[in-house]
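Coordinate analysis (summary)
The primary structure of each chain is shown beneath.
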Amino acid sequence: METIVDGLHIKYEVEGQGEPVVVLQGWGTKLEVYQCVADCLSSRYQVIRLDLPGFGGSEEPGEGWAVEDYVEFLLHFLEPFGLSRVSFVGHSYGGRMVIRLASRETLPFTITKLVLIDSAGILPVKTAAQKRKIRRYKRLKRAAEWKLSKFLFGTMLEEWKSRQGSADYRAATPRMRECLVKAVNEDLTLLLPKVRQETLLIWGEKDTATPLSDGKLMEQLMPAAGLVVLQGAGHFSFLEQPYVFARVMKSFYGIE
């Protein structure tokens, strides 16, 4: 299905009937990746999945959005559904959105419960070597903007810039790179105590993108959170351990 929200063409899917559950995706993924989440819940709940602006089959935003901008977009997207009670499932980047949304003092609906899967949101502590690398990159980037540098080494500099950053950064368009930079530099730790809804944290034991230590810190700082660790799984723990994931989700949502 498709709709237009704030002038953007948005792809989404709705399955099942009952109290709604909104699934928010990880960075750069497509809503199809989360079919297993819908399969877990759609026998008893209405599961709403969407491609966020710039993800999957949805149009990019007109400028580089921060996480808060995506939250505002989500509220506009949900308006036509007329929700009164809703729960949210957020994976990775989607977890950032859930934390920001759930920590708000006022919302147009009641959030009944939350699931955060390998959620992003905690800013990692940089090592001395990483700090040196960042400083070196910034110096070289400034030098690359000099007109003489562009004239003499234009092609070489563009190739160098394209090799910098994470795989997600390199794969993103210039507009989405702006969004990603804003997200990864934002620390949501101070918001965690404000997330008071019943929360299930699901984490891959071997997650290197958002390490298990992040999940343990979230469990410690969120008043009503419990952590389940999927052994041997990484950042896409729900795909790597689908049977255990399904059992945990159905138990949390009261599905026989």
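This write-up is about the structure you can find in this document. Just so it is clear, the model here is predicted, and its values are computed rather than measured. (Residues numbered from 1 in each chain as written. Predicted model: local features only at pLDDT ≥ 70, side-chain atom pairs only at ≥ 80, totals over all residues. Heavy atoms only, no water.)

Here the focus is the overall build of the chain. The helix and strand inventory of the chain stands at ten helices and eight strands. Considering the chain as a whole, with its 256 residues, one finds that 46% of them fall into the buried category. Sequence-distant contacts in the chain: of pairs separated by 6 or more residues, those separated by 24 or more amount to 74%. As displayed, the chain has an accessible area near 13200 Å², and 53% of this comes from carbon and sulfur atoms. (Helix = DSSP H or I, 4+ residues; strand = E, 2+ residues; numbered from the N terminus. Buried < 20%, exposed > 50% of the residue type's maximum accessible area, 1.4 Å probe, protein only. Contact = heavy atoms within 4.5 Å. Areas by Shrake-Rupley, 256 points an atom, 1.4 Å probe, with all protein chains shown as cover.)

Among the five residues that make up strand β3 (residues 20–24), five are buried, leaving the element largely enclosed by the rest of the structure. In this structure, β3 lies alongside strand β4 (residues 46–50), joined through four bridges in parallel fashion. The residue bridging Val23 from the neighbouring strand is Arg49, located in β4. Read as a crossover between parallel neighbours, the route from β3 over helix α1 (residues 35–41) to β4 is right-handed. With four bridges joining them, β3 and strand β5 (residues 85–91) adopt parallel strand pairing. Its bridge partner lying in β5, Leu24 is registered against Gly90. (Pairing = 2+ DSSP bridges. Right-handed = clockwise from strand over helix to strand, strands pointing away.)

Our focus in this paragraph is the environment of Phe238. Here Phe238 shows up in helix α9 (residues 237–240). The contact partners of Phe238, leaving out residues within four places of it in the chain, are Val33, Tyr34, Cys36, His91, Ile117 and Phe245.

Sheet topology note: the strand β1 (residues 2–5)/strand β2 (residues 8–15) ladder contains four bridges and is antiparallel. Across the sheet, Glu2 pairs through a bridge with Lys11, a residue of β2.

A full pass over the atoms with the stated rule returns seven salt bridges. The residue Glu19 makes a salt bridge to Arg85 at a minimum N-O spacing of 3.6 Å. Placement of Glu19 in the loop between β2 and β3 and of Arg85 in strand β5 is noted, with a sequence separation of 66 residues between them. (Salt bridge = Lys/Arg side-chain N within 4 Å of Asp/Glu carboxyl O.)

For Ser58, the location among the structural elements is in the loop between β4 and α2 (67–78). Classification of Ser58 as buried rests on a relative accessible area of 9%. A distance of 2.9 Å separates the side chain of Ser58 from the backbone nitrogen of Lys11, its partner in a polar contact. Contact partners of Ser58, with chain neighbours within four places excluded, come to His9, Ile10, Lys11, Asp51, Leu52 and Pro53. (Polar contact = N/O pair within 3.5 Å; in protein donor to acceptor, adjacent residues only side chain to side chain.)

Further remarks concern helix α8 (residues 212–221). Taken together, the buried positions of α8 are occupied by Leu212, Asp214, Gly215 and Met218. Buried residues of α8 fall within an arc of 155° about the axis and therefore sit on the same side. (Arc of directions from axis to C-beta.)

The subject of this paragraph is helix α10 (residues 242–252). Of the residues making up α10, those classed as buried are Phe245, Ala246, Val248, Met249 and Phe252. Down the axis, α10 shows its buried residues gathered within 165° of arc, on one side only. Away from its buried face by more than 90 degrees, α10 exposes Tyr243, Arg247 and Ser251. Against the buried residues of α10 lie α1, β5, β6 (110–117), β7 (198–204), β8 (225–230) and α9.

In this section: the sheet that holds β5. Whenever strands of a sheet pair, they do so through backbone hydrogen bonds, lying parallel or antiparallel. Strands sit in the order β1-β2-β4-β3-β5-β6-β7-β8 across an open sheet of eight strands; the sheet is mixed. Pairing within the sheet leaves two strands with one partner each, and these edge strands are β1 and β8. Strand after strand, the sheet turns through a mean of 25° between neighbouring axes, direction not considered. Direction of pairing for β7 relative to β8: parallel, over a ladder of six bridges. Residue pairing across strands places Leu201 opposite Leu227, the latter belonging to β8. Docked against the sheet, α10 engages β5, β6, β7 and β8, running at close to 175° with respect to β7. (Axes fitted to C-alpha atoms, helices over the stretch in contact; angles between N-to-C directions.)

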